[in-house]
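# Structural description and commentary
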Amino acid sequence: MLSSRTKIIILIVGAIVVMGVIIVAVWDFFPGKEASQPQAEGPAADLSFLNEPPTVTGQEFDADNRDVFEQTMGGASGETISPLEQEARSLATFFIERFGTYSSDADFANIDDLQSFMTPAMRGWAERFKKSQPQSQGYSAIVTEVASLATKSFAPLERRAVFDIIANRTESKGGQSEVYRQKATIELAQTSSGAWLVSSLYWGERL
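A brief report on the enclosed structure follows.

What counts, and at which threshold
Counting starts from 1 at the beginning of each chain's written sequence and moves along it residue by residue. With pLDDT at 70 or above as the cut-off, local features in this predicted model cover only qualifying residues; side-chain atom pairs require 80 or more to be listed or tallied, and sums for whole chains, interfaces and linings still use all residues. Think of the side-chain values as coming from all heavy atoms in the structure, minus any hydrogens and water. In this analysis, a patch consists of residues with relative accessible area above 30% that form no salt bridge, clustered at 9 Å for like charges and at 5 Å for the nonpolar side chains Val, Leu, Ile, Met, Phe, Trp and Tyr. Throughout, the Shrake-Rupley method with a 1.4 Å probe supplies accessible areas, and for residues the shown protein chains are the sole cover considered. Salt-bridge detection follows one rule: a side-chain nitrogen of Lys or Arg within 4 Å of a carboxyl oxygen of Asp or Glu. Think of it this way: any DSSP run of H or I at least four residues long counts as a helix, any run of E at least two long counts as a strand, and we number them from the N terminus. Relative accessible area decides the class of each residue, using a 1.4 Å probe on protein chains only: under 20% of the type maximum gives buried, over 50% gives exposed, and in between gives partly exposed.

The subject of this paragraph is a nonpolar patch on the surface. A surface patch of nonpolar side chains, about 300 Å² in accessible area, is lined by I8, I12 and I16. Considering the arrangement of structural elements, one finds I8 in helix α1 (residues 4–29). Its relative accessible area of 49% is what places I8 among the partly exposed residues.

Here it is as structure tokens:
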């Protein structure tokens, strides 16, 4: 038979064990807030900049990106060209390439086609130039392309523009071809209606 003291000790230990089991069960069933709440995920990284085209901002000029800088700055010198001057430059390029490209079979078509782009004085000079040319012996031809054009003077108030040109020329004669560069100076005058016309053209030395 167990004594009264032993029974009391057994009851106390049993009660402690039961309380411990209850506490553990309650803790697992009702976890703390920090454990129950999932970790918040941060916003997704924005990688859209990878699809954006590059720009020249902050870059330095070098031989590899010269064209980009010239387009951005409006020219190698960093100066923009006015629409009026650009119109004159375009006519100068077109005129000298057409005037300087001909063949003996074309019968001065290169000059006749440009009559409407000449001042009256220039048209008179062109007619005299045609008459002064010797009779062609055999086939000959020249192809002209503008390599560079520089503004020598541009005076809108005076309605006058002068450009220095370096042209690439390929001359064919007697079954042989010669390639060379040649200087030229072309002068334009603006009419009262605002149209540019060529008033003179001078071929310079070969380079």
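Scanning the entire structure with this criterion turns up 7 salt bridges. For E127, the salt bridge goes to K130, with nearest N and O atoms at 3.4 Å. In this pair, E127 and K130 both sit in helix α6 (residues 120–132), 3 residues apart, roughly one turn of the helix. Among the residues examined, E127 registers a relative accessible area of 32% and is labelled partly exposed. Given the relative accessible area of 16%, K130 is considered buried. Residues R160 and E187 are paired through a salt bridge, measuring 2.8 Å at the closest nitrogen-oxygen approach. With a gap of 27 residues between them, R160 in strand β3 (residues 160–173) and E187 in strand β4 (residues 176–190) connect regions that are remote in the sequence. By relative accessible area, R160 is classed as partly exposed at 33%.

Shape descriptors only; they carry no functional weight alone.
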